[in-house]
Amino acid sequence: MDVDLLAQAVVSGVLIGGLYAMMSIGLSLSWGALKIINLAHFTFILIGAYLTYQLTTSFGIDPFLMIVIVFPLFFVAGALLQLFFEWAKVDEFRSLLISFGLFIIFTSLVRTVWTADFRRISSEDNPYASASIFVFGVALQVPLIAAFIAAVVIAVGTSLALSRTHFGRAVRAVVQDAEMARAFGIDPRRVAVILSGLATAYSGLAGVFIAMFQVLSPTMTFAWFGIVFSVVILGGLGSPYGALGAGIIVGVVGGVATVVWGPLSAPLVTFLLLIAALLFRPAGLFRRSTA
Amino acid sequence: MTTRNKTLIGFAIAAVVLGLVPNVVDVLNAPGFYLTFMFTMFFWISQASSWNILTGYSGYFSFGQGAWFGIGVYTTGILAAKNGWPFLVALPVAGLVGGAAGLLLGLVVFRLRRLSGEIFALTTLAVSFVLASVARLTSLIDGGRGIFMTGTPLPEFLGDFRTSMYRMTLVIALLTVLTAYLIFESRLGWGLFSIRDDEQVARGLGVPTFRYKMIALGTNAFFGALMGGVWALQIGFITVEDVFNIRVPLLVILMAVLGGMRHWMGPVVGAAIIYTLTDRLNSAGLADLNQVIIGALLIVLVLGVREGIYLRIRARWVASAVIFFGAMAVLTVFDVTSSLIWDFSYALLITMVMLLIPTPLWERLTPRRIAEPPGDPPPELPVPSGKAST
Amino acid sequence: MSLLVCKSVSKRFGGIRALNGVSTSIEEHEILGLVGPNGSGKSTLINVLSGLYTADDGEAQFGDLDLLRLAPEKIAAAGVARTFQIPRPFDTMTVRENVSVSYMFGHRRHSLEAARDAASEWLAFTGLEAAADSPVDQLTLHQLKFLELARALATDPTLLLLDEVLAGLNPTEIEQSIEMIRKIHERGITLVIVEHLLRVVTSLSDRIVVLDQGSVIAAGDPTEVMADPAVVAAYLGGRAPDARGA
Amino acid sequence: MLEVRDLVAGYGQAQALWEVDLTVDDGEIVTMLGPNGAGKSTLVNAISGLIATWSGTVELDGRGLTDIPSHRVAEWGIAVVPEGRRIFPEMTVVDNLAVGAYNHRAREASEETLEWVHGIFPRLEERSGQLAGSLSGGEQQMLAIGRALMAKPSLLLLDEPSLGLAPIMVEAIFEILRQINQAGVSILLVEQNAIDALDLATRGYVLEEGRIVIEGASSELLENEALRKAYLGL
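Residues numbered from 1 in each chain as written. Chains lettered and ligands numbered in written order. Predicted model: local features only at pLDDT ≥ 70, side-chain atom pairs only at ≥ 80, totals over all residues. Heavy atoms only, no water.

Side note on unusual backbone geometry
Located in the positive-phi region is Asn-29 of chain B, a residue other than glycine, with phi close to 60°. By the element assignment, Asn-29 of chain B lies in the loop between helix H1 (3-28) and helix H2 (33-58). With a relative accessible area of 68%, Asn-29 of chain B lands in the exposed category. With phi around 65°, Arg-85 of chain D is a residue other than glycine that occupies positive phi space. As for its placement among the helices and strands, Arg-85 of chain D is situated in the loop between strand S6 (78-81) and helix H2 (93-100). Judged by relative accessible area, which is 10%, Arg-85 of chain D ranks as buried. (Helix = DSSP H or I, 4+ residues; strand = E, 2+ residues; numbered from the N terminus. Buried < 20%, exposed > 50% of the residue type's maximum accessible area, 1.4 Å probe, protein only.)

Right, dumping it as structure tokens:
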């Protein structure tokens, strides 16, 4: 076996793992903290990607600038969506169905606006796609590195916010015992709206990075299902560090499997890992067991 | 006569009438797409009904329909197309392989730990992903090359390809719905309903929950794979991407939820409605709009018609019948559209609009008597005995 | 003759000992009152005996079966039924269907047809006929509690464990419920009642077992037991007499 | 300071309280006694806004509490130590305390309050970084009280703090309640443990089947036969 190839696989696996983590944190937070299995996150990623494609192509905006545009836009969308869920008073099961409905609607809207053709930001508008940095002799795409850094920033930032700030403590209190949180002055609704905004914004950001180096198509969400759910479950619901760790594991395992058994084996190994986790550690790999 | 006998006679009549359709189409020299339209509907009715036996009855939410479907497709693909088995011998084997796979999964997930709802759902989803990967990797199954079904010979007594497809899917759909009905009206069914409502209490009352869940999952997988086995022929060229995608489970969920998961007829009605809408909008070149409508419909129904369309129809059966058949009659007589299928779908749409009227508003619009199906006594309000003063 | 003999039944939750070696017996055809202050382990004992929780230790001999080693459905089939303090009806079913299901399974297996008739009988017994075809969400709390009873009775139990049947009811409803419990007892069913309304328990029960912090602190004739200093201390607090924890 | 008039409340359809009247004056410790299921927890939950009241009024220092959103009650000076403690098990001890000081009034002073609480419960300071779920029962009770104190309440509601604790721990907790009271916090103590509670309180009420059946000074109540009757059903 080629050691260089393996090293390359591990390093790029780690990087792509960062992207996986960013794609998954939104769903993980929504499921773990808001008790809403929000399939619409898949389409938030998709829309984030297409929006990036459109604005960079039409107006020549720098792809990295899209981060500042997408974040607030998606934050508001997520907050509004949460208000809708609150209004509809949905339980976990019905949230799955409703967000599935949203998933279908958004996906076909994307298809209507941008057609089913493959889209890619032209290299003029996106100089980063072809740029690589050599680290230890391994070529790494710039967008992938950027995505990894962004994922680390998001995971660390969210984790710190959850553990150190008043808002973060309020979130955790609401998740563990909403009634008691309320008794101490926390408004669970406000917390949920903000959190949903953040979760949605993260998904939108993942889309920005995807647009930077991948070819876009409206059906790409389906390929994400397996990876994102693997990361969410392996990482433990609602845990940003968990998502980062699980994203990297999924990325590396996939990369190594590709080198060892060929590219087709990567999903198999990933999903077997997911099934093992579902059966033996449904709370995730990184969760301290408390009970 | 008992309700059960009436229903069974209904099944027999449906079987005979639907069984004669190819002959009628032949005699009238009607276009062949009528048969295609109907057998595709049978496919979805069977898929949705079999899914509902597990999820609607027992409450264990499954994303795994694609797995059972795919097992069926690939089993007949391998046996009939690659190894030359007679198709009608390969077909039941497909069902059995699917059923066995279902039981195997059940053995693991129901025994190993009591999985909560979402974890069970995701496990079933993951199983179809794994199967897809295995199929893609293994050259014995697919190996990324796909399987051509087009040369597979079918017995002559089934008729030409379309008619054969029609007859096979009809038989399987009837069997699936009949099974769903028989379970619905049995101890097994009631045991499953009690599991859905409160599994702990069900066990405490003596329901053998493990065995019942296994039967439900096995039956679901069996019929899913059996129909998948037939569908391999319709696909023609089997690829992993076409078979193990998220489409089958998603549509099946939609259909059952829309029609209503609490009744055996719910998925039948849901499948008929969704498939008709999808088919028409696609043929009108509005595939994307179609998806938007279906997604919106799902949201509206989940929020507004929690019991599902079928029970709504029962509660408003007079209005439904009048509007549907009235619309059909008007559309056909005045020849508004180009085909019967269009008439059917317009009538369906109009009826749906009526069904979406919220119950409180509906009750104010109609005198109560008319909305009541005959034979069913009006639900009596309980007499509060010594109710707490508030 | 003893119908059920519990020997050092124990159950821990995390660091808390909910049941700390409970030994007691239930005689055939008696009404046994199970009382004790909040958190003393009464409901836990019911949950352990009905198989809802798995005990950590001990045994509960019911005939030649050890209830602590049986799955809940097997316990039901052996003839032990229970009710829940907060009613847990099957909420997509009508009242009649709730009772039918329990008759179909329960102690002996019955057909669907037989269950419809039997359900009527138990609905009549509990006075729920008028509400028979209503969905359960239209019932009052009082009716839901009687539905719990009807459903438990339909399993044809020899031993019935009642967990706080009276909680949340008003005085009139309490009187009606007491009558119902007497009627059930007259049918030859052995009853264990967990109840916090002591005046009711003492008047209904043949015998009383008092739990405190997961242990039996007294057992016997209702009036005598309730005058026991250890019991008084368990309820009123203050300096614990030496009997405590015995 | 606290005035409850004609309070009616319950869960779902189950009415648990019938026209309850009670008052707590500034600086007082008042105890609400009663057997299991008498409606004591419902009373605590209704006053602290955890459940909606059906009718009647709850006033703190003359301001009505029944119509404000329940997450505002803390701001107005009521803090609760609920039955079963209900600390946030997967948060650290110090984070639990910080949640207590979430309301704006308390947040500003939270550092001083934390010092005060650590002074009362040195154990909580030692265990600062530990997950609350891993504490012993007694420590969890301390944490629940500490968390409530962090809210800088003028009135502290306690729902059966003695539940499930060893007698020696009960004694310690009650001693601390006395300290807290001397620091100027009024206390409404809901208890089943009548003798210890009356020992601590100046006045008491007895709740039976959702109604107040006796009220009076602690010394009188202890001798009252009706108290025994309410508890022991004799």
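What to know about the interface of chain B and chain A
At the interface, 36 residues of chain B touch 39 residues of chain A. Note on chain B versus chain A: buried area summed over both sides is about 3,400 Å², and carbon and sulfur give 83% of it. At the boundary of chain B and chain A, one finds two residue pairs in polar contact (both at pLDDT 80 or more). Sorting the residues of the side of chain B that touches chain A by element identifies helix H4 (87-112), helix H5 (117-137), helix H11 (247-259) and helix H13 (287-304) of chain B as the ones contributing at least two each. (Contact = heavy atoms within 4.5 Å. Buried area = accessible area lost by both parts, 1.4 Å probe. Polar contact = N/O pair within 3.5 Å; in protein donor to acceptor, adjacent residues only side chain to side chain.)

Quick notes on the environment of Gly-304 of chain B
Mapped onto the fold, Gly-304 of chain B is located in helix H13. In this structure the C-alpha to C-alpha distance between Gly-304 of chain B and Leu-356 of chain B, which are 52 residues apart in sequence, comes to 7.6 Å.

Some words on the packing of aromatic side chains
Counting across every chain of the model gives 42 aromatic pairs over all chains. Judged by centre distance (4.2 Å) and plane angle (20°), the ring pair of Phe-43 of chain B and Trp-231 of chain B falls under stacked. With Phe-43 of chain B in helix H2 and Trp-231 of chain B in helix H9 (residues 209-235), this pair connects stretches of sequence that are 188 residues apart. The buried category is assigned to Phe-43 of chain B, whose relative accessible area is 2%. Every member of this aromatic cluster is reached through a ring pair, and the members are Trp-31, Phe-42, Phe-103, Phe-222, Phe-225 and Phe-229 of chain A. The residue whose ring lies beneath Arg-111 of chain B is Phe-210 of chain B, and the NZ or CZ to ring-centre distance is 3.9 Å. (Phe/Tyr/Trp six-rings, centres within 6.5 Å; stacked < 30°, edge-to-face > 60°. Lys NZ or Arg CZ within 6 Å of the ring centre and 35° of its normal.)

A short note on helix H7 (residues 187-197) of chain B
The buried fraction of H7 of chain B amounts to nine of the 11 residues, a majority that puts the element mostly inside the structure. Lining the buried residues of H7 of chain B we find H2, helix H6 (161-184), helix H8 (199-204) and H9 of chain B together with helix H3 (95-104) and helix H4 (112-125) of chain C. At the N-terminal boundary of H7 of chain B, the capping side chain belongs to Ser-186 of chain B, with an oxygen 3.3 Å from the backbone nitrogen of Leu-188 of chain B.

Thoughts on the sheet that holds strand S10 (residues 215-220) of chain C
All names here are of chain C. Strand order in the open sheet made by the six strands is S6-S7-S8-S3-S9-S10, with mixed pairing throughout. This sheet does not close on itself; its edge strands, each paired only once, are strand S6 (80-82) and S10. On average, adjacent strands in this sheet sit at an angle of 20° to one another, irrespective of strand direction. Two elements, strand S3 (residues 31-35) and strand S9 (residues 207-212), share four bridges in a ladder whose sense is parallel. When the sheet's bridge partners are listed, Val-35 is paired in S9 with Val-210. Docked against the sheet, helix H6 (residues 171-186) engages S3, strand S7 (159-163) and strand S8 (190-194), running at close to 150° with respect to S8. Together, S3, S9 and S10 form the strand contacts of helix H9 (residues 229-236), whose direction differs from that of S10 by roughly 130°. (Pairing = 2+ DSSP bridges. Axes fitted to C-alpha atoms, helices over the stretch in contact; angles between N-to-C directions.)

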